[in-house]
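This is what each chain is made of:
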There are 2 protein chains.
Amino acid sequence: MQSFTEENYLKIIYHLSETSNNVQTNAIAEQMQTKPASVTDMIKKLADKGFVDYIKYQGVTLTEKGKNAAIDIVRKHRLWEVFLVDKLNFKWDEVHDVAEELEHIKSVALIERLDEFLGFPKSDPHGDPIPDKNGRFAKTQFTKLIDLKIGDSGTITGVSQHSSAFLKHLEKLGLTLGKQIHINDVTDFDGSVEISVNGKQINISREVAKHILISNNGKN
Amino acid sequence: MQSFTEENYLKIIYHLSETSNNVQTNAIAEQMQTKPASVTDMIKKLADKGFVDYIKYQGVTLTEKGKNAAIDIVRKHRLWEVFLVDKLNFKWDEVHDVAEELEHIKSVALIERLDEFLGFPKSDPHGDPIPDKNGRFAKTQFTKLIDLKIGDSGTITGVSQHSSAFLKHLEKLGLTLGKQIHINDVTDFDGSVEISVNGKQINISREVAKHILISNNGKN
DNA sequence: AAAATTTTTTAGATTTACCTAAAAATAAAA
DNA sequence: TTTTATTTTTAGGTAAATCTAAAAAATTTT
Ligand SMILES: [Mn+2]
Ligand SMILES: [Mn+2]
Ligand SMILES: [Mn+2]
Ligand SMILES: [Mn+2]
């Protein structure tokens, strides 16, 4: 049984593992909003408990055990997000902080019944996949909107930035999950993108385009 | 913002306040499953923060602030219990431990929307009243089944013992909330009580009868 | 390859919530 | 009213998770 803190470390190491194979101390410290010295302490503890493989100065890698533990927390986090949006009418930009707390509730029965109550959802309000109770989930193939070419089109199926500010902005622009978009033009001056959505033509900044994930995209 | 531990102390002091005016160190220690010395430490901290009035060797009393904080936690605990039973099909003997964790989730929006989602329930699965968002609730008048006389009848509206063993036992006997009962006889030998419920006649021990709460009782 | 920079680790403290053992205060019994 | 028993507090310490400052290792730049 892990502490809240250990669980948070595991989850962050898991997410950082998606980008780089060896997760660095400083990267963890930044995500955990703590100091590198504290991370080193915790890393040693997680290594002792068999959650990570650790070589001094070489960063950490999750063991199978560590990966399973992390996926379990991700599953809880995302299921609770679905609950908050589907049942309690939270907006997609309001759920993250509450889910950060709820993900630590320890009860296998609770999460299995919640999963059933929600109809075994496959993805959370941000388009992220929800692992099943065995930790399995489909690794979805996304293209960043910024990487599409003029004339391409596709469906918004995820976001790679979960800040409330970003999500509210998307909402205001009408860029929500499931929406069909088409790339009309890319501005030379600032790299901003002209897209069609909801029958209207809008302009979004490079920064926004970077964090919108597209699937079913028909190349031109 | 209080820690989980502080919240647990406040809730326990609140419940103990229902019986005695000045809550004793040892009583708190027993409920918290900790040592009296630890309780003294925490009491000082709670007094510093203005949650309790404390005079050395004289026990503690909740301040208005402390009482409000405690009621808020009780409200969360009971609402989550309703959620677990009504929405996730938990039995009334399975909810307590999970609610002990859920009651500490800190989000005003969450608990207000949960309350609404549940239809603003007035009592929890054990018959205990749920305070509204202003901390108000009807103090219900219960009679212990053990205090009824032969010929009396009434409705089961609560229990004063929440252990899983006790609740499972009641379930098996058909003694659930809302059931009509009638006192047929009291055994001289062991003080056990002969009652009618569901058209059947059953015998329950004094110990069980002590912890069943009856309302709408028609005296004979 | 040497120097400069960045990353990571160690050393030593702090805070919170505990603990045990012993002293002090209060309450109950003789 | 002593004596005895119970309750409560103090004193001193531990473990988890954090911190700052400084040393050590690794990486990058010159
Ligand atoms: Mn989230
Ligand atoms: Mn999410
Ligand atoms: Mn309960
Ligand atoms: Mn209850």
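All of these numbers come straight from a predicted model, not from anything done at the bench.

Visitor: I'd love a proper account of the protein's contact with DNA strand C, names of residues and values included.
Guide: The environment of DNA strand C is formed by 20 residues, the closest being Lys-44, Tyr-54 and Lys-56 of chain A together with Thr-34 and Lys-45 of chain B. Near the protein, meaning within 4 Å, the atoms of DNA strand C are sugar or phosphate in a fraction of 79%, with bases accounting for the rest. Taking Lys-44 of chain A, its side chain carries an N or O atom lying 2.5 Å from a phosphate oxygen of DNA strand C. Looking at the surface near DNA strand C, the elements with two or more residues in it are helix 2 (25-32) and helix 3 (36-48) of chain A together with helix 1 (4-17) and helix 3 (36-48) of chain B. Looking at the surface near DNA strand C, its residues break down into seven nonpolar, eight polar and five charged.

Visitor: Describe in detail the interface of chain B and chain A, supporting the description with residues and values.
Guide: Where interface size is given, it is often the accessible area lost as the parts come together that is meant. Opposite the 21 residues of chain B that make contact, chain A presents 21 residues. Summed over the three residues of chain B that lose the most area to chain A, namely Leu-88, Glu-101 and Arg-113 of chain B, the buried surface amounts to 32% of that side. Where chain B touches chain A, the interface holds two salt bridges. In this structure, Glu-94 of chain A and Arg-113 of chain B form a salt bridge, with 3.6 Å as the shortest nitrogen-oxygen distance.

Visitor: Lay out the coordination of the manganese ion (ligand 3) in plain terms, naming residues and giving numbers.
Guide: Residues and elements named next belong to chain B. The protein atoms donating to the manganese ion (ligand 3) are His-77 (NE2), Glu-81 (OE) and His-96 (ND1), with metal-donor distances spanning 2.0 to 2.2 Å. Expressed as a motif, the donor residue spacing for the manganese ion (ligand 3) is H-x3-E-x14-H. For the pair the manganese ion (ligand 3) and the manganese ion (ligand 4), the metal-to-metal distance amounts to 3.4 Å, and Glu-81 bridges them. Separated by 19 residues along the polypeptide, His-77 in helix 4 (residues 64-87) and His-96 in helix 5 (residues 96-102) bring together distant segments of the chain. According to the relative accessible area criterion, His-96 is partly exposed, its value standing at 26%.

Visitor: Give me the lowdown on the domain arrangement of chain A, citing residues and values where you can.
Guide: For chain A, the domain assignment lists domain 1 (4-62) and domain 2 (143-218). Of note, the centres of domain 1 of chain A and domain 2 of chain A, computed from C-alpha atoms alone, are 33 Å apart.

Visitor: Tell me what's going on with the relation of the copies chain B and chain A, and back it up with residues and numbers.
Guide: For the pair chain B and chain A, the best superposition has an RMSD of 0.1 Å and corresponds to a rotation of 180 degrees with a translation of 0.0 Å parallel to the axis. The two molecules are tied by a two-fold rotation axis, judged by turn and shift. By C-alpha distance to the rotation axis, the residue of chain B lying nearest is Leu-102 of chain B, at 3.8 Å. The overlap is high: 100% of the interface residues of chain B also sit at the interface in chain A, so the same surface is used on both sides.

Visitor: Lay out unusual backbone geometry in plain terms, naming residues and giving numbers.
Guide: Residue and element names in this part refer to chain A. Located in the positive-phi region is Phe-120, a residue other than glycine, with phi close to 50 degrees. Counting through the fold element by element, Phe-120 comes out in the loop between helix 6 (108-117) and strand 3 (143-144). Looking at Phe-120, the relative accessible area reads 46%, which means it is partly exposed. One non-glycine residue, Asn-198, lies in the positive phi region at around 55 degrees. Topologically, Asn-198 is positioned in the loop between strand 6 (193-197) and strand 7 (200-204). Its relative accessible area of 45% is what places Asn-198 among the partly exposed residues.

The rules behind these values
Residues numbered from 1 in each chain as written. Chains lettered and ligands numbered in written order. Predicted model: local features only at pLDDT ≥ 70, side-chain atom pairs only at ≥ 80, totals over all residues. Heavy atoms only, no water. Near = heavy atom within 4 Å. Polar contact = N/O pair within 3.5 Å; in protein donor to acceptor, adjacent residues only side chain to side chain. Helix = DSSP H or I, 4+ residues; strand = E, 2+ residues; numbered from the N terminus. Nonpolar A, V, L, I, M, F, W, Y, C, P; charged D, E, K, R; others polar. Contact = heavy atoms within 4.5 Å. Buried area = accessible area lost by both parts, 1.4 Å probe. Salt bridge = Lys/Arg side-chain N within 4 Å of Asp/Glu carboxyl O. Donors = N, O, S within 2.8 Å, 3.2 Å for Na, K, Ca; no water. Buried < 20%, exposed > 50% of the residue type's maximum accessible area, 1.4 Å probe, protein only. Domains from an automatic or database assignment. Least-squares fit on C-alpha atoms with pLDDT ≥ 70 in both.

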